[in-house]
Amino acid sequence: MLLSAPPSVDLRLLTADDWAAVADIYWDGMRDGLATFETEVPPWNTWDAAHLPDHRLVAERLGEVVGWSALAPASTRRCYAGVVETSVYVAREARGLGIGRALLEGVIYGAEAAGIWTIQTSIFPENRASLALHERCGFRVVGTRERIAKRDGIWRDTVLLERRSEVTT
């Protein structure tokens, strides 16, 4: 039996026209309880204002948006202008195909080209797939933040990871 390669994935900038698909993927990640403390998808204008316009990608497979990644400022303080937080979400039916890696590598490339020196993320320890993905893409574990916040009334830990640009090493 000859297996064919999965359809290729195209990355492009995320636009307002993608919001319905992006919001569905985001909501799916929220429902799992492994991806975020958020429990409601914000409206486009709120999400748009919180994320850097030049650092948002969608992955398309067979003409359908199957994942997204974006960078948000870690702080509004000027001294942290080169420090961002990343988000990566992949549609349930498209997981395990390398889409998360393509999206994460895409935002890393764009961030480094723009002079961003640190990309950080916080991941629930139970989200082993996301932890492994980030470590494969050069992130290192900084530590565990115990009982950092509540999700559905339950205190949760997060693993803090960061990736430093070669400019800072």
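In the block above lies the structure referred to throughout.
Residues numbered from 1 in each chain as written. Predicted model: local features only at pLDDT ≥ 70, side-chain atom pairs only at ≥ 80, totals over all residues. Heavy atoms only, no water.

Draft legend 1. Looking closely at the packing of aromatic side chains. Scanning all chains against the criterion turns up eight aromatic pairs. Judged by centre distance (5.3 Å) and plane angle (40 degrees), the ring pair of tryptophan 19 and tryptophan 47 falls under tilted. With tryptophan 19 in helix H1 (residues 19-32) and tryptophan 47 in helix H2 (residues 44-50), this pair connects stretches of sequence that are 28 residues apart. Each of the two residues, tryptophan 19 as well as tryptophan 47, counts as buried. Among the aromatic residues, ring-to-ring pairing joins Trp19, Tyr26, Trp44, Trp47, Trp68 and Tyr89 into one connected group. Geometry around phenylalanine 124 places arginine 156 over its ring, the cationic atom sitting 3.9 Å from the centre. (Phe/Tyr/Trp six-rings, centres within 6.5 Å; stacked < 30°, edge-to-face > 60°. Helix = DSSP H or I, 4+ residues; strand = E, 2+ residues; numbered from the N terminus. Buried < 20%, exposed > 50% of the residue type's maximum accessible area, 1.4 Å probe, protein only. Lys NZ or Arg CZ within 6 Å of the ring centre and 35° of its normal.)

Draft legend 2. Focus on unusual backbone geometry. Non-glycine residue arginine 147 carries a positive phi angle of around 50 degrees. Here arginine 147 shows up in strand E6 (residues 140-151). Although it is not a glycine, aspartate 152 adopts a positive phi angle of roughly 55 degrees. By the element assignment, aspartate 152 lies in the loop between E6 and strand E7 (154-164).

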